[in-house]
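The primary structure of each chain is shown beneath.
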Amino acid sequence: MTAHILDGNALAQRMRAELAEKAAALAATQGVTPCLAVILVGEDPASQVYVRNKVAACEKAGFASLKFTYAADVEPAVVLAQIAALNADPRVHGILVQLPLPRHFDAEAVLAAISPEKDVDGFHAENVGALVQGQPRFIPCTPFGVMKMLAETGLDLRGAEAVIVGRSNIVGKPMALLLLQQDCTVTVCHSRTRDLAAHTRRADVLVAAVGKPKMITAEMVKPGAIVIDVGINRLADGKLCGDVDFDAVKEVAGWITPVPGGVGPMTITMLLANTLLAAERTLP
Ligand code: NDP
């Protein structure tokens, strides 16, 4: 059996076209152009690429974007002052601070400084709390994108065994909450999990968010499972690969996301969706 491929590029393209139409309508009828402000501190090459892609996606969809870049040794107070100014600017609907921040920053304090109404990444503690309570204001973009891809399968997830490998605040934990909301039975695995394969082999839905190339092998996957690969790893030859051994696992799984071209493009799409939502919420 060869798995159905969940094509993140195709879905992202479709959704971005819809978002562009909605943004154009908002501008035409209300005079409001959704605007995302992105803050980048330091010269991390991966972060620079992510920020460039986010700004380009905004422009392509007809959103406004603002980019603020700072040297790695900037005083945190300078960045906090910029966030305060953006919080107060009614033309700005979404604010995103690209992570990771340099060591001398208190990342939690920076995220806490963003107005929860403009926290389109959904990382502010108030928004995390709302997600836990099942009434999210903004759903974190990567797990939000994964839920959209799962919906593409057309399968009923109620009662399904969902296993997530990885428990980070930005992927694993919110992913668990969203799958729980879909009535899955959720298991979250991490670096201290004993016998990881025993868990993954039970999964109807398996989400890998670890950051270890090809660590999910075919023997760890239940035949017919939906396998979502969040991992992005750069190999020695410069190529990107996920946490899942795609070539082998696609012969066992029922559905699988590729890397690249899977979850990645959906993450930015959901950032646009959240920014549009933030703009719509400012309407009287
Ligand atoms: P983190 O490093 O924050 O978390 C990794 C998680 O994996 C941790 O919970 C860790 O456990 C767990 N882990 C590490 N080793 C093992 C192991 N051997 N067995 C089981 N679990 C293990 O990473 P992120 O969540 O930020 O990102 C995960 C991956 O997803 C990365 O490759 C990242 O690049 C990618 N990513 C992709 C995005 C996209 O848009 N496609 C967006 C965000 C991230 P413990 O908690 O015990 O340390």
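Residues numbered from 1 in each chain as written. Predicted model: local features only at pLDDT ≥ 70, side-chain atom pairs only at ≥ 80, totals over all residues. Heavy atoms only, no water.

Caption draft 1: Looking closely at the nonpolar core. In this structure, Leu 150, Leu 179, Val 207, Ile 226, Ile 228 and Val 230 are the most contacted members of the largest nonpolar core, which totals 55 residues. Per element, the largest residue contribution to this core is 10 residues, and it comes from helix α10 (residues 263-281). Split by domain, this core shows at least three residues from each of two domains, domain 1 (31-115) and domain 2 (141-264). The residues contacting Ile 228, other than those within four sequence positions of it, are Leu 6, Val 146, Leu 150, Leu 206, Val 207, Ala 208, Thr 257 and Val 263. The next biggest cluster of nonpolar side chains, apart from the first, holds 20 residues, and it includes Leu 196, Leu 206, Ala 208 and Val 221. (Core = buried A, V, L, I, M, F, W, Y, C linked by side-chain atoms within 4.5 Å. Buried < 20%, exposed > 50% of the residue type's maximum accessible area, 1.4 Å probe, protein only. Helix = DSSP H or I, 4+ residues; strand = E, 2+ residues; numbered from the N terminus. Domains from an automatic or database assignment. Contact = heavy atoms within 4.5 Å.)

Caption draft 2: Broad picture of the pattern of salt bridges. If you walk through the whole model with that rule in mind, you get 8 salt bridges. Of the charged contacts, one joins Arg 14 and Glu 152 as a salt bridge, the two residues approaching to 3.1 Å between their closest N and O atoms. One end of the pair, Arg 14, is in helix α1 (residues 8-30); the other, Glu 152, is in helix α6 (residues 141-152), with 138 residues separating them in the sequence. For Arg 14, a relative accessible area of 45% corresponds to the partly exposed category. Residues Glu 161 and Arg 202 are paired through a salt bridge, measuring 2.8 Å at the closest nitrogen-oxygen approach. In this pair, Glu 161 is assigned in strand β5 (residues 161-165) and Arg 202 in the loop between α8 (196-200) and β7 (205-208), connecting sequence segments 41 residues apart. One salt-bridge network, in which partners are shared between bridges, spans Glu 117, Glu 126 and Arg 137. (Salt bridge = Lys/Arg side-chain N within 4 Å of Asp/Glu carboxyl O.)

Caption draft 3: Representation of the domain arrangement of the protein chain. Split by domain assignment, the protein chain resolves into domain 1 (31-115) and domain 2 (141-264). Here the C-alpha centroids of domain 1 and domain 2 sit 29 Å apart.

Caption draft 4: Broad picture of the site of the ligand. In the vicinity of the ligand lie 22 residues, with Arg 167, Ser 168, Ser 191, Ile 232 and Thr 267 positioned nearest. Between the ligand and the protein, one listed contact pairs an oxygen atom with a side-chain N or O atom of Arg 167 at 2.7 Å. A distance of 3.3 Å separates a nitrogen atom of the ligand from a polar atom in the backbone of Val 230. Bound to the protein, the ligand loses 70% of the 920 Å² it would expose on its own. For the shell around the ligand, a count of residues per class yields 10 nonpolar, 10 polar and 2 charged. (Near = heavy atom within 4 Å. Polar contact = N/O pair within 3.5 Å; in protein donor to acceptor, adjacent residues only side chain to side chain. Areas by Shrake-Rupley, 256 points an atom, 1.4 Å probe, with all protein chains shown as cover. Nonpolar A, V, L, I, M, F, W, Y, C, P; charged D, E, K, R; others polar.)

Caption draft 5: Main features of the packing of helix α2 (residues 45-60) against α10. Remark: α2 packs on α10, axes separated minimally by 10 Å, with the N-to-C direction vectors making an angle of 55°. As far as their axial angle goes, α10 and α2 are oblique. Once α2 is placed against α10, the crossing between them reads as right-handed. Across from Asn 53, Lys 54, Ala 57 and Cys 58 in α2, the residues of α10 making contact are Ile 268, Leu 271 and Leu 272. (Axes fitted to C-alpha atoms, helices over the stretch in contact; angles between N-to-C directions. Parallel < 35°, antiparallel > 145°, perpendicular 65-115°, else oblique. Left-handed = near helix turned anticlockwise from the far one by under 90°.)

Caption draft 6: Quick peek at the state of the cysteines. On inspection of all chains with the given rule, the structure shows 0 disulfides. The thiol of Cys 35 is unpaired, and the distance to the nearest cysteine sulfur, on Cys 58, comes to 7.9 Å. (Disulfide = S-S within 2.5 Å.)

Caption draft 7: The packing of aromatic side chains, seen in detail. Counted by the stated rule, this structure contains 0 aromatic pairs. The cationic tip of Arg 281 hangs over the ring face of Phe 138; the distance from NZ or CZ to the ring centre is 5.0 Å. (Phe/Tyr/Trp six-rings, centres within 6.5 Å; stacked < 30°, edge-to-face > 60°. Lys NZ or Arg CZ within 6 Å of the ring centre and 35° of its normal.)

Caption draft 8: The arrangement of the pairing of β5 in detail. Within β5, 4 of the 5 residues are buried, which leaves the element mostly enclosed by the surrounding structure. For the segment spanning β5, helix α7 (residues 172-181) and strand β6 (residues 185-189), crossover handedness is right-handed. Judged from the 4 bridges that link them, β5 and β7 form a sheet pairing that is parallel. Among the inter-strand pairings, Val 165 is bridged to a residue of β7, identified as Ala 208. (Right-handed = clockwise from strand over helix to strand, strands pointing away. Pairing = 2+ DSSP bridges.)

Caption draft 9: Quick peek at the sheet that holds strand β1 (residues 4-5). With parallel pairing, 6 strands are arranged side by side in an open sheet as β1-β11-β8-β7-β5-β6. For this open sheet the edge positions go to β1 and β6, each flanked by a neighbour on one side alone. Running over the sheet, α7 touches β5, β6 and β7 and is turned about 170° from β5.

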